[in-house]
Amino acid sequence: MRVMLRATMDTEKANELIRSGKLPQLMRETMERLKPEATYFTTHEGSRACYMVFDLQDSSRIPVIAEPFFMELGARIDLSPVMNAEDLHKGLSQLG
């Protein structure tokens, strides 16, 4: 299932990782693990945020995905099923 992850990072913890040079490594490892089809970095409600869209093949992977954000960044995580335009078209075509 295509899922969008939003990780809103704790500012102080993110600052520490930036100063230590570990934030790029954490993001690289996360992207290698998730193999996202899209990744964006921005702000959300005044904090650093990361959006990743990826295929969640098994819900048992959620701890592996979320815990590094919780533990390393003190992040708030949202996982939401999402559709692209092709998925929407396919779903709508199935409506009687």
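Residues numbered from 1 in each chain as written. Predicted model: local features only at pLDDT ≥ 70, side-chain atom pairs only at ≥ 80, totals over all residues. Heavy atoms only, no water.

Chemist: Would you take a moment to explain the side chain of threonine 30 for this structure?
Modeler: Mapped onto the fold, threonine 30 is located in helix α2 (residues 23-34). If we skip the residues at most four places from it in the chain, threonine 30 touches Met52 and Phe69. (Helix = DSSP H or I, 4+ residues; strand = E, 2+ residues; numbered from the N terminus. Contact = heavy atoms within 4.5 Å.)

Chemist: Looking at this structure, I do not really get helix α4 (residues 85-93). What am I missing?
Modeler: Along an α-helix, residues three or four apart share an orientation, since each turn contains 3.6 residues. A small share of α4 lies buried, amounting to 0 of its 9 residues. N-capping of α4 is provided by asparagine 84, with a side-chain oxygen placed 3.1 Å from the backbone N of glutamate 86. (Buried < 20%, exposed > 50% of the residue type's maximum accessible area, 1.4 Å probe, protein only. Polar contact = N/O pair within 3.5 Å; in protein donor to acceptor, adjacent residues only side chain to side chain.)

Chemist: How should I be thinking about unusual backbone geometry in this particular structure?
Modeler: With a phi angle near 50°, lysine 35 is a residue other than glycine that sits in the positive phi range. Looking at where lysine 35 falls in the secondary structure, it is placed in the loop between α2 and β2 (38-44). By relative accessible area, lysine 35 is classed as exposed at 64%. One non-glycine residue, glutamate 45, lies in the positive phi region at around 50°. With respect to the secondary-structure elements, glutamate 45 resides in the loop between β2 and β3 (47-55). Relative accessible area serves as the criterion here: at 68%, glutamate 45 is assigned to the exposed category.

Chemist: Help me understand the nonpolar core in this model?
Modeler: As a rule of thumb, nonpolar side chains are buried together in soluble globular proteins. Grouped together as the largest cluster of nonpolar side chains are 19 residues, with contacts concentrated most on Leu5, Met27, Phe54, Phe69 and Leu73. The set of elements that each furnish at least two residues to this core consists of β1 (2-8), α1 (11-20), α2, β3 and α3 (62-73). Looking at this core, the element that brings in the most residues is α2, giving 4 residues. Those residues in contact with leucine 5 that sit more than four places away from it in its chain are Cys50, Tyr51, Met52, Phe54, Ile65, Phe69, Ile77, Asp78 and Leu79. (Core = buried A, V, L, I, M, F, W, Y, C linked by side-chain atoms within 4.5 Å.)

Chemist: Help me understand the pairing of β3 in this model?
Modeler: Walk down a regular strand and you will see the side chains alternate between the two sheet faces. Where burial is concerned, most of β3 is hidden: 7 out of the 9 residues are buried. One ladder, built from 7 bridges, connects β1 with β3; its direction is antiparallel. In the sheet register, leucine 5 faces β3, and the bridge partner there is methionine 52. In terms of strand pairing, β2 meets β3 through 7 bridges, oriented antiparallel. (Pairing = 2+ DSSP bridges.)

In short, the description is geometric, and any link to function would need to be established separately.
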